[in-house]
Amino acid sequence: GDNAKNAYIVQFVTQPVEEYREAIRQLGGELHIYLPNHAYIVQMDEKTRQQAASLPFVRWVGEYSPAFKIDETILPALLEQRLAKDRYNIMMLRRGGASQRAFAERVSKIGADVGRMTPQGFRVEAELTAEQLLTVLADPEVMFVDRWSPPENDMSVVRTVGGANMIET
């Protein structure tokens, strides 16, 4: 419906200062990960999206499309419909068990099994068919999906995506 919160990319005209972020929050937007080129992934409803787009310091608001959420090495097989059932890492927009449990519930409704969850983090593992993967990519709570591998430098990936490394260096 109209009050459904979808994920969008909000790009600011300059490096986003706290006043810009606060203005988005005041409208009802929920800021998540910082992206390169002065942008954030923001969850908001349609009304908020329209209001945010008209702010003088917002350059552009665009849908956070499922195509942006998938590791580029998976895409060709998915498009050519030759993707077998596989195990994936799914990065959620929100940290924590509540978000992950709600996601696991949605995924089990489409017949997929959620494996390991990371209640203190962002990551969920799941075995998915190509069809289930498409459903997961369309989920507004999902930030990114790539093929599962043994968890080593999970945090460094999140830190890089989240811009923490830029801040420290």
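Quick note: structure is the one above.
Everything quoted here is computed from the prediction, not taken from an experiment.

Engineer: Describe the sheet that holds strand β4 (residues 58-63), listing the residues and the values that go with them.
Structural biologist: Strand order across the open sheet formed by four strands is β2-β3-β1-β4, with antiparallel pairing between neighbours. Looking along the sheet, the strands with just one partner apiece sit at the ends: β2 (30-35) and β4. Strand-to-strand, the axes of this sheet are offset by a mean angle of 30 degrees, without reference to chain direction. Pairing of strand β1 (residues 6-12) with β4 involves five bridges; the strand directions are antiparallel. Bridge pairing in β4 places Y8 opposite E63. On top of the sheet, helix α2 (residues 46-53) reaches β1, β3 (39-44) and β4; it is set at about 150 degrees to β4, its chief contact.

Engineer: Give me the sheet that holds strand β5 (residues 86-92): which residues, what numbers.
Structural biologist: Strand order in the open sheet formed by four strands is β6-β7-β5-β8, and the pairing between neighbours is antiparallel. The sheet is open, and its two edges are formed by β6 (113-117) and β8 (142-147), each paired on a single side. The sheet shows a mean angle of 30 degrees between the axes of neighbouring strands, direction not considered. In this structure, β5 lies alongside β8, joined through five bridges in antiparallel fashion. Each residue of the ladder has a partner; that of Y88, found in β8, is R147. Along the sheet, helix α4 (residues 97-109) makes contact with β5, β6, β7 (123-128) and β8, crossing β6 at roughly 160 degrees. The strands touched by helix α5 (residues 130-137) within the sheet are β5, β7 and β8, with β7 carrying the most contacts at an inclination of about 150 degrees.

Engineer: Requested: an account of the pattern of salt bridges, with residues and values cited.
Structural biologist: For the structure on display, the rule yields 12 salt bridges. Between E18 and R25 there is a salt bridge whose closest N-O contact spans 2.8 Å. What emerges from the salt-bridge pattern is a single network uniting E18, R21, E22 and R25.

Engineer: Give me the lowdown on the nonpolar core, citing residues and values where you can.
Structural biologist: Core analysis: the biggest nonpolar cluster contains 19 residues, and I90, F103, L128, L133, V136 and V145 have the highest contact counts within it. In this structure, L133 is in contact with I70, I74, L78, L83, Y88, L128 and V145, ignoring residues within four places of it in sequence. Among the nonpolar cores identified, the runner-up in size contains 15 residues, and L31, M44, L55 and V61 belong to it.

Engineer: Before we move on, could you go through the packing of aromatic side chains and cite the residues and values that matter?
Structural biologist: This model, assessed by the stated rule, comprises five aromatic pairs. Ring geometry for F12 and Y20: centres 5.5 Å apart, planes at 25 degrees, overall stacked. Given a relative accessible area of 16%, Y20 falls into the buried group. With a centroid separation of 4.2 Å and 5 degrees between ring planes, the pair formed by Y20 and F57 is classed as stacked. Of this pair, Y20 sits in helix α1 (residues 18-27) while F57 sits in the loop between α2 and β4; the two residues are 37 residues apart in sequence, bridging distant segments of the chain. Exposure remark for F57: the relative accessible area of 16% places this residue in the buried category. Aromatic rings pair up to connect F12, Y20 and F57 into one cluster. Just above the ring of W148 sits the side chain of R87; from NZ or CZ to the centre is 3.8 Å.

The rules behind these values
- Residues numbered from 1 in each chain as written.
- Predicted model: local features only at pLDDT ≥ 70, side-chain atom pairs only at ≥ 80, totals over all residues.
- Heavy atoms only, no water.
- Pairing = 2+ DSSP bridges.
- Helix = DSSP H or I, 4+ residues; strand = E, 2+ residues; numbered from the N terminus.
- Axes fitted to C-alpha atoms, helices over the stretch in contact; angles between N-to-C directions.
- Contact = heavy atoms within 4.5 Å.
- Salt bridge = Lys/Arg side-chain N within 4 Å of Asp/Glu carboxyl O.
- Core = buried A, V, L, I, M, F, W, Y, C linked by side-chain atoms within 4.5 Å.
- Buried < 20%, exposed > 50% of the residue type's maximum accessible area, 1.4 Å probe, protein only.
- Phe/Tyr/Trp six-rings, centres within 6.5 Å; stacked < 30°, edge-to-face > 60°.
- Lys NZ or Arg CZ within 6 Å of the ring centre and 35° of its normal.

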